[in-house]
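# Per-entry structural report
Residue strings, one per chain:
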Amino acid sequence: NAGVMQNPRHLVRRRGQEARLRCSPMKGHSHVYWYRQLPEEGLKFMVYLQKENIIDESGMPKERFSAEFPKEGPSILRIQQVVRGDSAAYFCASSPSGVRTYEQYFGPGTRLTVT
Amino acid sequence: KQEVTQIPAALSVPEGENLVLNCSFTDSAIYNLQWFRQDPGKGLTSLLLIQSSQREQTSGRLNASLDKSSGRSTLYIAASQPGDSATYLCAVRPQAAGNKLTFGGGTRVLVKP
């Protein structure tokens, strides 16, 4: 059973471009979470999604950021018109449904660098 | 608003010494607390998860305690090894509906051979 997969692992974008980060949850997991780790800071929650639904987006910046988890395919975190301050490591986690839904398994992260 | 603090931010010890890592949180209404390990450039590996009704959890050389009323958890690593060098993060999950984790800033550990 493969773990949580994220791609790309490293992404370089120029200011103003769009960044698309992908997350494939563990097999059988229907809950996905995105966290951001700014340089020298801890991880901060961004958004929690289930298939086709956003459950909690209280940590998402109001502009330029969006997330989806379609019925088929990976979850996508999209950042439009990137700025230098978006440079960070973005981690995805997934969890199963039911009583073990609190067990989040993390992917290796995507390191975004904005030049 | 829940805030999680980890002290110290960095720790350097000689091999063989026991490690004591501290985590404090401001809102005691938590569902559980989890300790993670993060290696440079890598993702997070879950080490121990303590439910709010538990006082401690143990796995091998690792032992984590939880005192919910005082808002504290401690991770003990016995007989440290160079391979224990990493950043250790604690995170709490709220009792309220929702499943987001609130993380501390981490403790960067270096175990010198």
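Refer to the structure printed above.
Now for a quick tour of the structure.

## Some words on the sheet that holds strand β1 (residues 4-7) of chain B
All names here are of chain B. Spatial ordering of the open sheet is given by β1-β3-β8-β7-β6, a layout of 5 strands whose pairing is antiparallel. Both outer strands of the open sheet, β1 and β6 (56-59), are each paired with one neighbouring strand and no more. Adjacent strand axes in the sheet meet at a mean angle of 15 degrees, parallel and antiparallel pairs treated alike. Pairing of strand β3 (residues 19-25) with strand β8 (residues 72-77), which is carried by 6 bridges, proceeds in the antiparallel orientation. Considered in β8, the bridge of Cys-23 is made with Ser-73.

## With respect to the packing of aromatic side chains
Think of a pair of aromatic rings as described by two things: how far the centres are apart, and how the planes are tilted against each other in angle. Taken as a whole and judged by the stated rule, the model has 7 aromatic pairs over all chains. When the ring of Tyr-35 of chain A is compared with that of Phe-45 of chain A, the centres are 5.8 Å apart and the planes differ by 75 degrees; the resulting orientation is edge-to-face. With Tyr-35 of chain A in strand β4 (residues 31-37) and Phe-45 of chain A in strand β5 (residues 43-50), this residue pair connects regions lying 10 residues apart in the sequence. We classify Tyr-35 of chain A as buried; its relative accessible area is 0%. Owing to a relative accessible area of 10%, Phe-45 of chain A belongs among the buried residues under this scheme. With 5.6 Å between their ring centres and 85 degrees between their planes, Tyr-35 of chain A and Phe-103 of chain B make a pair best called edge-to-face. Here the residue Tyr-35 of chain A occupies a position in strand β4, and Phe-103 of chain B occupies one in strand β10 (residues 102-103), the pair thus bridging two chains. Judged on exposure class, the residue Tyr-35 of chain A and its partner Phe-103 of chain B are both buried.

## Description of the sheet that holds strand β7 (residues 65-68) of chain A
Hydrogen bonds between backbone atoms are what pair the strands of a sheet, whose relative direction is either parallel or antiparallel. Residues and elements named next belong to chain A. The antiparallel open sheet is built from 4 strands, whose spatial order is β1-β3-β8-β7. Because the sheet does not close on itself, it has two edges, and the strands there are β1 (5-7) and β7. The mean angle between the axes of side-by-side strands here comes to 15 degrees, regardless of whether they run parallel or antiparallel. Pairing analysis gives 5 bridges linking strand β3 (residues 19-24) to strand β8 (residues 75-79), with the strands arranged antiparallel. Across the sheet, residue Leu-21 finds its bridge partner in β8, namely Leu-77.

## Considering the interface of chain B and chain A
On the side of chain A, 20 residues touch chain B, which itself brings 20 residues to the contact. Buried surface at the junction of chain B and chain A, both sides included, amounts to about 1,500 Å², of which 52% is carbon and sulfur. Among the residues of chain B in contact with chain A, Asn-99, Lys-100 and Phe-103 of chain B are the three that bury the most area, contributing 34% of the side total. If you look at where chain B meets chain A, you find 0 salt bridges. Counting every contact that joins chain B to chain A gives 7 residue pairs in polar contact (both at pLDDT 80 or more). Contributions of two or more residues to the side of chain B that touches chain A are made by β4 (30-38), β5 (44-51) and β9 (86-94) of chain B. In terms of residue class, the side of chain B that touches chain A is built from 7 nonpolar, 9 polar and 4 charged.

## Thoughts on the nonpolar core
In this structure, Trp-34, Met-46, Leu-77 and Tyr-90 of chain A are the most contacted members of the largest nonpolar core, which totals 23 residues. Aside from chain neighbours lying at most four places away, what touches Tyr-90 of chain A is Gln-6, Leu-21, Tyr-35, Arg-36, Met-46, Phe-65, Leu-77, Ile-79, Gly-109, Thr-110 and Leu-112 of chain A. Counting residues in hydrophobic clusters, the runner-up holds 22 residues, among them Val-13, Phe-25, Leu-33 and Ala-64 of chain B.

## So, the environment of Asn-22 of chain B
All names here are of chain B. Structurally, the position occupied by Asn-22 is in strand β3. Taking C-alpha positions, Asn-22 is 9.7 Å from Ala-9, a pair spaced 13 residues apart along the chain. Setting aside residues no more than four positions away along its own chain, Asn-22 makes contact with Thr-5, Gln-6, Ile-7, Trp-35, Ser-73 and Thr-74.

The rules behind each value
Residues numbered from 1 in each chain as written. Chains lettered and ligands numbered in written order. Predicted model: local features only at pLDDT ≥ 70, side-chain atom pairs only at ≥ 80, totals over all residues. Heavy atoms only, no water. Pairing = 2+ DSSP bridges. Helix = DSSP H or I, 4+ residues; strand = E, 2+ residues; numbered from the N terminus. Axes fitted to C-alpha atoms, helices over the stretch in contact; angles between N-to-C directions. Phe/Tyr/Trp six-rings, centres within 6.5 Å; stacked < 30°, edge-to-face > 60°. Buried < 20%, exposed > 50% of the residue type's maximum accessible area, 1.4 Å probe, protein only. Contact = heavy atoms within 4.5 Å. Buried area = accessible area lost by both parts, 1.4 Å probe. Salt bridge = Lys/Arg side-chain N within 4 Å of Asp/Glu carboxyl O. Polar contact = N/O pair within 3.5 Å; in protein donor to acceptor, adjacent residues only side chain to side chain. Nonpolar A, V, L, I, M, F, W, Y, C, P; charged D, E, K, R; others polar. Core = buried A, V, L, I, M, F, W, Y, C linked by side-chain atoms within 4.5 Å.

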